[in-house]
Amino acid sequence: MTNAADGPPVPPSAYLDAASSEPLHPAARDTLLAALDRGYADPRRLHGPGRDARLLLDNARAVVAECLGVRPDEVSFTHSGTEAVHRGLLGLRAGRPWPGSAVAYSAVEHSAVLQALEWTRSEDHVALPVDRLGRVTGAVPAGLAAVAVQSANHEVGTLQPLDHLDLPDRTALFVDASASMGRLPLPDRWDVLAGSAHKWGGPAGVGVLVVRKGTFWANAFPGDDPLDESATGFPNVPAALAAAAALRAVVEERDEVNARQFALIDRIRAAAAAVPDVEVVGDPVDRLPHLVTFSCLYVDGEALVTELDRRGYGVASGSACTASTLTPSRVLEAMGVLTHGNVRVSLTRDTTDEQVDGFLAALPQVVRDIRAEAGL
Amino acid sequence: MIADLELDCRGMLCPLPVIELGKRYTEVPVGGLVAVAATDVAARTDVPAWCRMRGQEYVGEEPAADGVPRYLVRRAS
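Residues numbered from 1 in each chain as written. Chains lettered and ligands numbered in written order. Predicted model: local features only at pLDDT ≥ 70, side-chain atom pairs only at ≥ 80, totals over all residues. Heavy atoms only, no water.

Moving on, we get to the overall build of chain B. Across its full length, chain B holds two helices and four strands. Tracing chain B from N to C terminus, the helices and strands come up as β-α-β-α-β-β. Dimensions of chain B, computed from C-alpha atoms along their principal axes, come out at roughly 30 × 25 × 20 Å. Here chain B, with 77 residues, has 51% of them falling under the buried criterion. Counting only contacts in chain B whose residues sit at least 6 apart along the sequence, the fraction spanning at least 24 positions is 62%. (Helix = DSSP H or I, 4+ residues; strand = E, 2+ residues; numbered from the N terminus. Buried < 20%, exposed > 50% of the residue type's maximum accessible area, 1.4 Å probe, protein only. Contact = heavy atoms within 4.5 Å.)

Residues and elements named next belong to chain A. Pairing within the open sheet is antiparallel, and its three strands lie in the order 9-10-12. Looking at which strands have only one partner, the edges of the open sheet turn out to be strand 9 (278–281) and strand 12 (342–346). Ignoring strand direction, the axes of neighbouring strands in this sheet form an average angle of 25°. Strand contacts of helix 8 (residues 353–373): strand 9, strand 10 (291–296) and strand 12, with the helix running at about 25° to strand 10, the strand carrying the most contacts. (Pairing = 2+ DSSP bridges. Axes fitted to C-alpha atoms, helices over the stretch in contact; angles between N-to-C directions.)

Time to look at the domain arrangement of chain A. Many descriptions give the size of an interface as the accessible area lost when the pieces come together. All names here are of chain A. Domain boundaries in chain A define domain 1 (14–23 + 255–373) and domain 2 (26–249). For domain 1 and domain 2, the distance between their C-alpha centres works out to 27 Å. At the junction of the two partners, domain 1 supplies 29 residues and domain 2 supplies 29 residues. At the boundary of domain 1 with domain 2, total buried surface from both sides reaches about 2,200 Å², with 51% on carbon and sulfur atoms. Run the count over domain 1 and domain 2 and you get two salt bridges. Between Arg 135 and Asp 283 there is a salt bridge, with the nearest N and O atoms lying 3.1 Å from each other. Summed over the shared surface of domain 1 and domain 2, the result is 16 residue pairs in polar contact (both at pLDDT 80 or more). A total of five residues in the side of domain 1 that touches domain 2 trace back to one element, the largest contributor, which is helix 7 (residues 330–335). Here the side of domain 1 that touches domain 2 is composed, by residue class, of 13 nonpolar, nine polar and seven charged. (Domains from an automatic or database assignment. Buried area = accessible area lost by both parts, 1.4 Å probe. Salt bridge = Lys/Arg side-chain N within 4 Å of Asp/Glu carboxyl O. Polar contact = N/O pair within 3.5 Å; in protein donor to acceptor, adjacent residues only side chain to side chain. Nonpolar A, V, L, I, M, F, W, Y, C, P; charged D, E, K, R; others polar.)

Let us now look at the side chain of Thr 348 of chain A. All names here are of chain A. By the element assignment, Thr 348 lies in the loop between strand 12 and helix 8. Classification of Thr 348 as buried rests on a relative accessible area of 5%. Setting aside its immediate chain neighbours within four residues, Thr 348 contacts Tyr 15, Ala 18, Glu 22, Pro 23 and Gln 261.

Residues and elements named next belong to chain B. Pairing is mixed in the open sheet, where four strands are placed in the order 1-2-4-3. Only two strands of the sheet have a single neighbouring strand rather than two, namely strand 1 (5–9) and strand 3 (57–63). Within the sheet, the average angular offset between the axes of one strand and its neighbour, ignoring direction, is 20°. Taken together, the five bridges between strand 2 (residues 33–38) and strand 4 (residues 69–74) define a ladder with antiparallel strand orientation. Opposite Val 34, over in strand 4, you have Val 73 as the bridge partner. Helix 1 (residues 16–24) rests against strand 1, strand 2 and strand 4 of the sheet, and its axis sits at about 155° to strand 1. Here helix 2 (residues 43–54) sits on the sheet in contact with strand 2, strand 3 and strand 4, set at roughly 0° to strand 4.

A separate point is the packing of helix 1 (residues 26–36) of chain A against helix 5 (residues 237–273) of chain A. Residue and element names in this part refer to chain A. Helix 5 packs onto helix 1 with a crossing angle of 155° between their chain directions and a minimal axis gap of 8 Å. Between helix 1 and helix 5, the crossing angle belongs to the class labelled roughly antiparallel. Between helix 1 and helix 5 lies a crossing of right-handed hand. Here helix 1 contributes Ala 27, Ala 28, Thr 31, Leu 32, Ala 35 and Leu 36 to the contact with helix 5, which in turn contributes Pro 238, Ala 239, Leu 241, Ala 242, Ala 245, Ala 246 and Ala 249. Each residue belonging to the contact of helix 1 with helix 5 can be placed in one class, and the counts come to twelve nonpolar, one polar and no charged. (Parallel < 35°, antiparallel > 145°, perpendicular 65-115°, else oblique. Left-handed = near helix turned anticlockwise from the far one by under 90°.)

This structure, assessed with the given rule, holds four aromatic pairs over all chains. Sitting over the face of the ring of Trp 190 of chain A, Arg 212 of chain A holds its NZ or CZ atom 3.9 Å from the ring centroid. (Phe/Tyr/Trp six-rings, centres within 6.5 Å; stacked < 30°, edge-to-face > 60°. Lys NZ or Arg CZ within 6 Å of the ring centre and 35° of its normal.)

Residue and element names in this part refer to chain A. Topologically, Ser 178 is positioned in the loop between strand 6 (172–176) and strand 7 (192–196). Overall, Ser 178 belongs to the buried group, its relative accessible area being 12%. For Ser 178, the contacting residues outside a window of four places in its chain are Ala 194, Gly 195, Ser 196 and Lys 199.

In structure tokens, the structure reads:
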């Protein structure tokens, strides 16, 4: 046994799954610790601590609104991104003053969108197909309550052409912006938006729901506060404030961070494509800066994730054998690309060149070994 | 459609049906037809994707006598 000082240099390990959850941003950590002692009271009360909590919550809302370029009274905090998706989308059905309750959705939406629609027990919803890159392509039929199209795909990184969607009149647009919020500016077109703080480096348990002024939207769930239709129970004031602090920091840093991440992902795309029988998927250019997905022919996804983890690299996979449902990723299926041997690599804000070098050095050997075991 | 080679991949999980196809499709001559009968749902996406990646022709899907889907591949090279 040798120690690191006299053995060969140990390649740096890396958590490469920021798209599942970004580590807490240092700005969020400082704010959270400071707010924990101050933001405990009920912001609806009229006493001093209540007014203090209200001040912090209003401040969090104002910062989020400013970072997103929306009005503060359009922003509410929910208890998760999933909750923001459910309330946001179903509220468009509940608030629609015209007939029609069906929703069209891109075939590559996050499961939160699909689960919200399944919950309605209606069979009228329409899936819109996507092309090989994962971009929504289908024509949107008229008479729908809403169309749900994400800002960017959470599995393959492809940006959706939201500003070029052909939408019939009176069709509200629900945008799940969870994968891109903070990292990229919002699209121009949306009626309701959802986001999730732990995806940009805020704490878990904070979702953001934005309902544009003038949108026909009504709470589709049991009410809470008659004065604030989109309120969802007692607010986690310190976490909301920390989420806002992280969002501000991410927006301020994003020109530098995005450029660095975009170039690193370009390197990973090229190196993965050079491994025999590996298909790199998603749009190579119009994409999230920090994320790439590829699939390795003849390779078991679970073995791939396990072997990479053994070498210190934490990645996600959309292959069936890695899913709780044992079905392959709907996103990969809808795109018509290989679903087995799938790896999603997503960089954190401080992923280094050396970590990417280490990962790229490990990858071809891991793929080769797993194929050799299968007799190929 | 009658195939020149029937691969019975019932009960196999991904990626085994595609591994079986990759190992054995050369047993038919160029122009010959291979059928992969698979219960694994991933085969529906992965057999056509294999054809695209390996330059082979995906012909389509039809059910076997027991209702299990057979994915048909024509060897192009």
